[in-house]
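Chain and residue survey
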Amino acid sequence: QVSFMNFVVIGVNHQTAPVEVREQFAISEARLPEAMKSLATYPGIEEGMIVSTCNRVEMLARTTNGSADLQGFLRQFYGFDPGPYRKYLYEHRSRDAVRHIFRVASSLDSMIVGEPQILGQVKEAYATARAVGAINSQLDALLTRSFAVAKRVRNETAVATSAVSIASVAVDLAKKIFGNLQGKSVYLVGAGKMCELAARHLLAHGAKQIYVANRTFERAAALAKKFNGTAIPFERLYETVPDADIVISSTGAPHAIFRKEHGEKFLSQRRNRPMFFIDIAVPRDIDPELNKLDGIFVYDIDDLQQVVSSHIADRRTEADRAEAIVQLEVDKFESRLQTLDVVPTIVSLQEHLETVRQAEIDRVRGRLGTLSPEQELAVEALSRGIINKIMHTPITTLKSAARESSEATTVVDLVRKLFGLREPPRKAADEDATTVSGGKPGARN
C-alpha cells in the first residue's frame, strides 16, 4: 500500500549541529553514488537519496514498512557509532518527512531563507540517485513534486527579495541567492558608471573575479583595469558569460541581448548552479522570460526600486505565505498517494470494459455489412460513450473512497467482485498508476 508512513529522513544541518559535527557526516561528491546505492540496498529500505552540502547531510528513504533502522545505516556506512552524535541528529517520518523535503527544496530550512543554491543541490542529488538506480517510484514522485513546490514558492512569494538601501540592493539580493559572495565572479556587460558602481559594491562584499565586455573593447579594457579584471571582446560574450555567477548588464542596446534560449544553455553549462542577472538598462538588456528558468534570477531597474522600498515585516509575511503553500502541497501529495491505492482497480476496470466493448463490436460486425469510414467512427463513438458512462460512477466512487482510507479497501473489493476483476501484478499497477492519476511520478514540472 502507498503510504506517507514509508518516508523517512535522518540528518544533521546548520540548525542542529556545529560545523565540526557536520564535517563528520559530510560525503564527497565522488562517494555519493556509492553511498546512495548502499542506502537503497540497506535492509528495510526500498529507495534512497542523500543530500550532502556544507550546511546539511540528509538521508531520505522510502522504507518497506516505515520502521527501517536508519541509524544502523549510519553506523554501517560511516564505520563509527552515531550514538555520541545522536543529540545533533533529527529524524522525520511520514507526513513530517514530506513536509521537511518540501521546505528544504523551497529554501525555507536554509541558513538564509530564500537562497536558491539548495534547490540546485537537491536536484543534483536526485539526478545522481536516479543514475545509480537508487530512486524509482514513490521517492521519484516525492522529489519531483518538491521541485514544483519550490517553484511555486518562488513564483508566488518574495521570500528571497528584501533589501534596505539603494546602495546595497544588488549586494543584498546576491547574498540572498548565493549565501555569501566570497569568491563569486562578476560579469559586467557594458562599461557605464552604473555597472562600475554595482561592481564596487560586490567586490567590497567578497566578490573576486571581474569580467568586462563592451562593444568598444578599449572601454572594456579601461574599466577592467580599475578592478584588476579581464576584458572580453564583445563577440565572445555568450561563450564566456556562463563563467560568471553575477551578470550586470547595461549596454543601451535597442533590444534584449540575453534571451531564454541563452539562459537554458548557461544553466546546462553551469550544472544548475544559480545565476543572477541585474538588468540596469533601459530598454532592458534581459528578456524577462529568463526569470522563468529555475536557477536564473533576473532583476531589472524597476524590480530594484521595489526591493529597496520593501520592509522587513513584508519578508516575515512572505515566509508565512511560503509555509502555507508548503502545508497545502503536503495535503495534496498525501491525497495523490492515497488515490494511487485505487488506481490498479481503475485500470483493471477500464481494460475489462474495453475488452467487452471490442468483443461486442466484433460479434455483430458481420451483420452490419460493409461500413463507411463515417459509420465506423459512429460505432466507435457510440460504444465508447456507453462504456464511459458505465465507468463514471465506480471510478468516481473509488477516487472518493481513496480519500477515506477506512473505506478504500471495502470499495475496491466490492468493485472487483461486481465486475469480476482479477488482482493485477503489483509492478504493473504501479506503472499504470501514472496514466490515471495525471502524469508520470518522475515527470518534471
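Residues numbered from 1 in each chain as written. Predicted model: local features only at pLDDT ≥ 70, side-chain atom pairs only at ≥ 80, totals over all residues. Heavy atoms only, no water.

A short note on the overall build of the chain
Just so we agree on the cut-off: Helix numbers and strand numbers start at the N terminus; a helix is a DSSP run of H or I with at least 4 residues, a strand a run of E with at least 2. The contact criterion used is simple: two residues touch if any of their non-hydrogen atoms lie within 4.5 Å. Note on areas: Shrake-Rupley with a 1.4 Å probe; residue coverage comes only from the protein chains shown.
From N to C terminus, the chain includes 17 helices and 10 strands. For the chain, the proportion of contacts with a sequence separation of at least 24, taken over those separated by at least 6, is 73%. Accessible area of the chain: about 21600 Å², with a carbon and sulfur share of 52%.

A word on the side chain of Arg 270
Rules: Polar contacts, as used here, are pairs of N or O atoms within 3.5 Å; protein pairs need one atom able to donate a hydrogen and one able to accept it. Residues neighboring in sequence count only if both atoms are side-chain atoms.
Inspection of the secondary structure assignment puts Arg 270 in helix H11 (residues 260–270). At a separation of 2.8 Å, a polar atom in the side chain of Arg 270 contacts the side chain of Asp 245.

Regarding the packing of helix H4 (residues 94–105) against helix H6 (residues 138–156)
Describing two packed helices takes the angle between their axes plus the distance from one axis to the other. Formally: The convention used is that axes are lines fitted to C-alpha atoms, helices contributing only their stretch in contact, and that angles between N-to-C directions extend from 0 to 180 degrees. Under this scheme an angle from 65 to 115 degrees is roughly perpendicular, one under 35 degrees roughly parallel, and one over 145 degrees roughly antiparallel; angles in between are oblique. We call a crossing left-handed when the near helix sits turned anticlockwise from the far one by less than a right angle, and right-handed when that turn is clockwise. Here the nonpolar group is Ala, Val, Leu, Ile, Met, Phe, Trp, Tyr, Cys and Pro; Asp, Glu, Lys and Arg are the charged ones; every other residue, Gly included, is treated as polar.
Relative to each other, H4 and H6 sit at 45°, their axes nearing to 8 Å. With respect to H6, the element H4 is oriented oblique. Every pair of crossing elements has a handedness; the one defined by H4 and H6 is right-handed. Within the contact between the two elements, H4 uses Val 98, Ile 101, Phe 102 and Ala 105 and H6 uses Leu 142, Arg 145, Ser 146, Val 149 and Ala 150. Class assignment of the residues belonging to the contact of H4 with H6 gives a composition of seven nonpolar, one polar and one charged.

As for the pattern of salt bridges
For side chains bearing opposite charge, pairing can occur when the charged atoms are close. Put simply, the rule reads: Here, a salt bridge means any side-chain nitrogen of Lys or Arg that lies within 4 Å of a carboxyl oxygen of Asp or Glu. The buried label applies to any residue whose accessible area, calculated with a 1.4 Å probe on protein chains only, is under 20% of its type's maximum; exposed applies above 50%, and partly exposed to all values in between.
Evaluation of the coordinates by the stated rule reveals 34 salt bridges. One salt bridge in this structure joins Asp 109 and Arg 103, with 3.4 Å as the shortest N-O distance. The same class applies to Asp 109 and to Arg 103, which are both buried. Notably, a salt bridge pairs Glu 323 with Arg 103, separated by 2.8 Å at the nearest N-O pair. Of the two residues, Glu 323 is situated in helix H13 (residues 312–340) and Arg 103 in helix H4; the sequence distance between them amounts to 220 residues. Residue Glu 323 is classed as partly exposed on the basis of its relative accessible area, which comes to 23%. When salt bridges with common partners are traced through the structure, they connect Arg 56, Glu 58, Arg 99, Arg 103, Asp 109 and Glu 323 into a single cluster.

A few points about helix H8 (residues 193–204)
Each turn of an α-helix holds 3.6 residues, which means side chains three or four residues apart point in the same direction. What counts here: Here the expected length of a helix is defined as 1.5 Å per residue gap, with one fewer gap than residues. Throughout, the arc means that of the directions going from the helix axis to the C-beta atoms.
Compared with the 16 Å implied by 1.5 Å per residue over 12 residues, the 17 Å span of H8 between its first and last C-alpha is a close match. Residues of H8 that are buried include every one of Cys 195, Glu 196, Ala 198, Ala 199 and Leu 202, and no others. For H8, the angular spread of buried residues about the axis comes to 165°, placing them on one side. Opposite the buried face of H8, at more than 90 degrees from it, the exposed residues are Lys 193, Leu 197 and Ala 204. Residues of H8 that are buried make contact with helix H7 (169–178), strand E5 (186–189), strand E6 (210–214), helix H9 (217–226) and strand E8 (246–249).

Describing the sheet that holds strand E1 (residues 7–13)
In sheet architecture, strand pairing relies on hydrogen bonds along the backbone and comes in two forms, parallel and antiparallel. Our working rule: For two strands to count as paired, DSSP must find a minimum of two bridges between them.
The strand order across the open sheet formed by four strands is E2-E3-E1-E4, and the pairing between neighbours is antiparallel. Since the sheet does not close on itself, it has two edges, and those belong to strand E2 (45–52) and strand E4 (90–93), each with one partner. Sheet twist, expressed as the mean angle between neighbouring strand axes with direction ignored, is 15°. In this structure, E1 lies alongside strand E3 (residues 56–63), joined through seven bridges in antiparallel fashion.

What to know about the pairing of strand E10 (residues 296–300)
Of all five residues in E10, five are buried, a share of seventy percent or more. Burial along E10 is two-sided: Ile 296, Val 298 and Asp 300 facing one way and Phe 297 and Tyr 299 facing the other are all buried.

Concerning the sheet that holds E6
The strand order across the open sheet built from six strands is E7-E6-E5-E8-E9-E10, with neighbouring strands paired in parallel fashion. The two strands at the open ends of the sheet, each matched to only one other strand, are strand E7 (230–233) and E10. Going across the sheet, the axis of each strand differs from the next one's by a mean of 20°, ignoring polarity. Taken together, the five bridges between strand E9 (residues 275–279) and E10 define a ladder with parallel strand orientation. Bridge pairing in E10 links Asp 279 to Asp 300. Sheet strands touched by H8: E5, E6 and E8. Its angle to E8, the strand with the most contacts, is close to 160°.

With respect to the layout of surface pockets
The test is simple: Buriedness of a pocket was judged along seven lines, with at least five required to meet protein on both sides within 12 Å; pockets are open sets of points on a 1 Å grid over the protein atoms alone, cavities are sets where a 1.4 Å probe fits but cannot get out, and lining residues have an atom within 4 Å of a point. Grid points are joined across faces, edges and corners, and a volume is the space filled by probe spheres set on the points.
Approximately 690 Å³ is the volume attributed to the largest pocket. In terms of lining residues, the largest pocket is bounded by 29 residues, among which Ser 52, Thr 53, Cys 54, Gln 117 and Gln 121 are the most central. Secondary structure elements with two or more residues in the lining of the largest pocket: helix H2 (32–40), E2 and helix H5 (117–131). Broken down by element, the lining of the largest pocket gets its largest block of residues, eight residues, from H5.

Observations concerning the environment of Gly 179
In this fold, Gly 179 is placed in the loop between H7 and E5. For Gly 179 and Gly 114, which are 65 residues apart along the polypeptide, the C-alpha to C-alpha distance reads 9.5 Å.

Details of the confidence of the model for the chain
Here is the rule we go by: Known as pLDDT, the predictor's per-residue confidence is scaled from 0 to 100.
The share of residues in the chain with pLDDT of 70 or more is 86%, and the mean pLDDT across the chain is 83. Considering each helix and strand of the chain separately, the mean pLDDT is smallest for helix H17 (residues 426–437), with a value of 37, and largest for E7, with 96. Under a pLDDT of 50 for its full length, residues 162–167 has, in the predicted model, 16 contacts with residues more than four places off or in other chains.

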